[in-house]
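# What the coordinates show
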Amino acid sequence: MAKIYMDNGATTKPDSEVVSAMLPYYNEHFGNASSLHSFGQEAADALDRARQQVANLVGAQPEEIIFTSGGTESDNLALKGIAYLKKNAGKHIITSVIEHPAILNTCKNLQDDGFRVTYVPVDDQGLIDPAAVEDAITDDTILVSIMHGNNEIGTIQPIKEISKIAHDRGVLMHTDAVQSVGKIAVNVNDLDVDMLSISAHKIHGPKGVGALYVRKGTRLESLVKGGGHEFGKRAGTENIPGIVGLAKAAELAGQRLDDDASHVTKLRDAAITKILGSISESYLNGHPTQRLPNNVHLRFSYVEGESLLMLLDMKGVAVSTGSACSSKSLEPSHVLTALGIPPEQIHGSLRITFGRENTMDEVDYVVESLVGIVEKLRAMSPIAPKH
Amino acid sequence: MYSEKVMEHFSNPKNVGEIEDADGVGEVGNPTCGDMMNIYIKVKDGKLSDVKFKTFGCGAAIATSSMITELAKGKTIEEALEITRDDVAQSLDGLPPVKMHCSNLAADGLHAAIEDYKKKQGTD
Ligand SMILES: Cc1ncc(COP(=O)(O)O)c(C=O)c1O
């Protein structure tokens, strides 16, 4: 049976070049980058090169890259690192209702610690109105954190505009770019952000490693206390193999960005057109054009997403859903809820996220499979109209 | 996450469909919550001669629906009323804990169909 991976928003397959680049740092160059001997210096050199490569991908300087354990930690460090440092200057943070849990739950935690958080809404296509951010800023505001590309519906936010608004009021700007890095051009100076989160495993790198870009001169409180690693912003002996893997993935993402983007855009547009054209009462979620090039997010009336997902899995196709039935919390997706989609339709949602390895034949296969599966489930559904 | 038995019933559910002239219909759940089941029964000489279902829901909801139709078919009304949620789950070699509550509605659906039948018979 075919085995087709179309869940690249969840994670990506590590590129074989990434794995090859990492192995020597397990097998031979195992030194601690803080050691002065040659073993240590090999590790330190690798760390320096990696920092440069990651910086290159987003147009940063190497000393502006802080390596972390992944996107989640980067988001935590950005929010709490600023909040704890600036708590005497202000206690208000602005974010959005559609952020990843790494942001939302960090904000909740900060609320428990006495900070105020404003969650700006989105429109029915998932876009934030920069004016809503402007209206929310007060003299007490210390940070705006708005994600670049949404992990569920793929909507890309007008970060540059929002950054300008924040900076005009002297407020720092962070963006979670975990889903956009490597998919579209991301440049910290173009976006004019002070901090930006990156995760390796979304760009064909290893899991458990990421980075936070922190603009030169931006101070933050380290959350992990220990030695002076990562310019005092994140202690702990560096995960050299992981960091080397992230750096290789970043290098490849930079080299392949244009090819990858045009490839997945073709797949995305074909999949959307074909599915909407061949399945009645199917709808696209998110924005038609302001979306990540690899993201297809749909909903089908009268069927439930976990069933869809499992039947597709039996046909060898891996995708994901916003249905409550598939989440640990049994809550329907907060992102789809924020778009104003009714719960029974949220249950029928499906996300397909393409990667550089997917092909047009696979798109045809998934479309054909979906047509049959939706038909089967609707025939079983008590809420589907009878034919 | 699901047992083989669940996967079997989910991918090849038994007794899918409506019974047009059903003697009783049980409707449980709610599409807003993600699971809704209709159970249809036909009664002959005090026994369930036919049981069918229509379900909107996750793999567990579909599998439990299919399983209940198999468990209930041929049983007397009294026997069918004794089938519990746990019986359904056990016959499927268990359900994931999170699914025990929301998706394990089939026994309720069957009981509701029997209540509906009794009401129609005026024997309530
Ligand atoms: C938008 C976004 N932010 C943060 C994360 C968390 O990244 P990680 O899995 O590296 O902790 C993810 C990944 O699920 C994501 O999609």
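Residues numbered from 1 in each chain as written. Chains lettered and ligands numbered in written order. Predicted model: local features only at pLDDT ≥ 70, side-chain atom pairs only at ≥ 80, totals over all residues. Heavy atoms only, no water.

## Points about the overall build of chain A
Where we set the bar: Put simply, DSSP H or I for four residues or longer makes a helix, DSSP E for two residues or longer makes a strand, and each gets a number counted from the N terminus. Restricting the calculation to C-alpha atoms gives the radius of gyration, and the globule rule supplies 2.2 Å times the number of residues raised to the power 0.38. Buried residues are those whose accessible area, probed at 1.4 Å on protein chains only, stays under 20% of the maximum for their type, while exposed residues exceed 50% and partly exposed ones sit between those limits. Counted as positive: Lys and Arg. Counted as negative: Asp and Glu, with His and the chain ends omitted from the count. The atoms used to mark charge sites are NZ of Lys, CZ of Arg, CG of Asp and CD of Glu.
If you tally the helices and strands in chain A, you get 13 helices and 12 strands. Computed over C-alpha atoms, the radius of gyration of chain A comes to 22 Å, within 12% of the 21 Å expected from 2.2 N^0.38 for 387 residues, which places it in the range of a compact globule. Each of the three principal axes of chain A carries a C-alpha extent, and together these read 75 × 50 × 35 Å. Looking at chain A residue by residue over its 387 residues, the buried ones come to 58%. Each charge sign in chain A was given a centre, from 36 positive and 48 negative side chains, and these centres are 2 Å apart.

## Overview of the sheet that holds strand β2 (residues 35-44) of chain B
Residues and elements named next belong to chain B. Cut-off, in case you're wondering: Strand pairing is defined by DSSP finding a minimum of two bridges between the two strands. Note on geometry: axes are lines fitted to C-alpha atoms, helical ones only across the stretch in contact, with angles between N-to-C directions running from 0 to 180 degrees.
A sheet is described by the order of its strands in space; here 3 strands give the open sequence β1-β2-β3, paired in antiparallel fashion. Taken across any chain shown, the strands that pair with only one partner, and hence form the sheet edges, are β1 (24-30) and β3 (47-56). Within this sheet the neighbouring strands show an average axis-to-axis angle of 15°, counted without direction. Direction of pairing for β2 relative to β3: antiparallel, over a ladder of 9 bridges. Counted as the bridge partner of M36 is F56 from β3.

## Focus on the sheet that holds strand β2 (residues 65-68) of chain A
Residue and element names in this part refer to chain A. Taken in spatial order, the 7 strands of this open sheet run β2-β8-β7-β6-β5-β3-β4, and their pairing is mixed. The open sheet has two edge strands, β2 and β4 (116-120), and neither has a second partner. Neighbour to neighbour, the strand axes of the sheet diverge by 20° on average, direction disregarded. As paired strands, strand β3 (residues 92-96) and strand β5 (residues 141-145) are joined by 3 bridges and run parallel to one another. Bridge pairing links I94 to V144 in β5.

## Re the interface of chain A and chain B
To keep it simple, the criterion reads: The contact criterion used throughout is that any non-hydrogen atoms of two residues lie within 4.5 Å. Two parts lose some accessible area (1.4 Å probe) when they are put together, and adding that loss for both gives the buried area. Here, a salt bridge means any Lys or Arg side-chain nitrogen found within 4 Å of an Asp or Glu carboxyl oxygen.
Across the contact, 22 residues belong to chain A and 27 residues belong to chain B. Buried surface at the junction of chain A and chain B, summed over both partners, amounts to about 1900 Å²; 69% is from carbon and sulfur atoms. Of all residues in chain A, M310, M380 and P382 of chain A bury the most surface against chain B, accounting for 29% of the area lost on that side. For the pair chain A and chain B, the interface holds 2 salt bridges.

## Side note on the domain arrangement of chain A
All names here are of chain A. Here is the rule we go by: Where each domain begins and ends is defined by an automated method or by a domain database.
Along its sequence, chain A is carved into domain 1 (4-11 + 257-380) and domain 2 (16-252). One C-alpha centre belongs to domain 1, the other to domain 2, and the line joining them spans 28 Å. On the side of domain 2, 29 residues touch domain 1, which itself brings 25 residues to the contact. For the pair domain 1 and domain 2, the two sides together bury roughly 2300 Å², of which 56% comes from carbon and sulfur. For the interface between domain 1 and domain 2, the tally reads 0 salt bridges. A total of 4 residues in the side of domain 1 that touches domain 2 trace back to one element, the largest contributor, which is helix α11 (residues 334-338).

## Some words on the packing of aromatic side chains
The description of an aromatic ring pair uses the distance of the two centres, along with the angle that the planes make with each other. Residue and element names in this part refer to chain A. Under the convention used in this document: Here is the rule: rings of Phe, Tyr and Trp (six-membered ring for Trp) pair when centre to centre is within 6.5 Å. Planes less than 30 degrees apart are stacked, more than 60 are edge-to-face, and the remainder are tilted. Both a distance and an angle decide whether a charge sits over a ring: NZ of Lys or CZ of Arg must be within 6 Å of the ring centre and within 35 degrees of the ring normal.
By the definition in use, this model includes 1 aromatic pair over all chains. Between F30 and F39 the ring centres are 5.5 Å apart and the planes differ by 40°, which places this aromatic pair in the tilted class. Residue F30 is classed as exposed on the basis of its relative accessible area, which comes to 54%. The ring of F115 has K91 lying over it, and the distance from NZ or CZ to the ring centre is 5.0 Å.

## Considerations on the side chain of S381 of chain A
In this fold, S381 of chain A is placed in the segment after α13 (360-380). Apart from residues lying up to four places away in sequence, S381 of chain A is in contact with Y302 of chain A together with K54, T55 and F56 of chain B.

## Topic: the packing of helix α3 (residues 38-58) of chain A against helix α9 (residues 240-278) of chain A
Residues and elements named next belong to chain A. Applicable threshold: A crossing counts as left-handed when the near helix is turned anticlockwise from the far one by less than a right angle, and as right-handed when that turn is clockwise. Three categories are distinguished: nonpolar for Ala, Val, Leu, Ile, Met, Phe, Trp, Tyr, Cys and Pro, charged for Asp, Glu, Lys and Arg, and polar for the others, with Gly belonging to the last.
Where α3 contacts α9, the axes come no closer than 8 Å and their chain directions differ by 35°. Along this stretch, α3 crosses α9, giving a crossing that reads as left-handed. Residues A43, A46, L47, A50, Q53, V54 and L57 of α3 form the contact with α9, whose own contacting residues are I240, I243, V244, L246, A247, K248, A250, E251, A253 and G254. Of the residues in the contact of α3 with α9, the class split is 13 nonpolar, 2 polar and 2 charged.

## Focus: the pairing of β1 of chain B
Residues and elements named next belong to chain B. The pairing of β1 with β2 spans 7 bridges and is classified as antiparallel. Opposite E27, over in β2, you have N38 as the bridge partner. Once β1 ends, the chain turns through 4 residues before running back antiparallel as β2, passing G34 with a positive phi of about 100°.

## Some thoughts on empty space enclosed by the protein
Residues and elements named next belong to chain A. Put simply, the test is: Cavity means a closed set of points on a 1 Å grid over the protein atoms alone, one where a 1.4 Å probe fits but cannot get out, pocket means an open set with protein on both sides within 12 Å along at least 5 of 7 lines, and lining means a residue has an atom within 4 Å of a point. Grid points are joined across faces, edges and corners, and a volume is the space filled by probe spheres set on the points.
One pass over the full model with this rule turns up 1 cavity of 30 Å³ or more. The computed volume of the largest cavity comes to approximately 170 Å³. Tallied by class, the residues present in the lining of the largest cavity amount to 7 nonpolar, 6 polar and 4 charged. No fewer than three residues from each of domain 1 (4-11 + 257-380) and domain 2 (16-252) sit in the lining of the largest cavity.

## Structural notes on the site of the ligand
Residues and elements named next belong to chain A. Defined as follows: Whether a residue is near a molecule or strand depends on its heavy atoms: it is near if one of them lies within 4 Å of it. For the purposes of these results, a polar contact is taken to be a pair of N or O atoms within 3.5 Å, where, inside protein, one atom must be able to donate a hydrogen and its partner to accept one; residues adjacent in sequence count only when each atom of the pair is a side-chain atom. Throughout, the Shrake-Rupley method with a 1.4 Å probe supplies accessible areas, and for residues the shown protein chains are the sole cover considered.
Inspection of the region around the ligand gives 13 residues, with T72, D176, Q179, S199 and K202 positioned closest. S199 places a polar side-chain atom, nitrogen or oxygen, 2.6 Å from an oxygen atom of the ligand. In the model, an oxygen atom of the ligand is placed 2.8 Å from a nitrogen or oxygen of the K202 side chain. Contact with the protein chains covers 85% of the free accessible surface of the ligand, which is 390 Å². Residues of the shell around the ligand, tallied by class, amount to 2 nonpolar, 8 polar and 3 charged.

## Structural notes on the environment of L47 of chain A
Relative to the assigned elements, L47 of chain A resides in helix α3. Setting aside residues no more than four positions away along its own chain, L47 of chain A makes contact with A33, F67, E230, E238, I240 and I243 of chain A.

## Here we look at the side chain of S369 of chain A
Residues and elements named next belong to chain A. With respect to the helices, strands and loops of the structure, S369 is situated in helix α13. With relative accessibility at 6%, the residue S369 sits in the buried group. If near-sequence neighbours (up to four positions away) are discounted, S369 is found in contact with L312 and K315.

## Describing helix α6 (residues 106-121) of chain B
Residues and elements named next belong to chain B. The cut-off we apply is this: Expected span, for any helix, means 1.5 Å times one less than how many residues it has.
Relative to the 22 Å expected for 16 residues at 1.5 Å per residue, α6 spans 23 Å between its end C-alpha atoms, a close match to the ideal helical length. When α6 is considered as a whole, its buried residues turn out to be A106, A107, G109, L110, A113, I114, D116 and Y117. Among the structural elements, β1, β2, β3, α2 (59-72), α3 (77-81) and α4 (85-91) are those in contact with the buried residues of α6.

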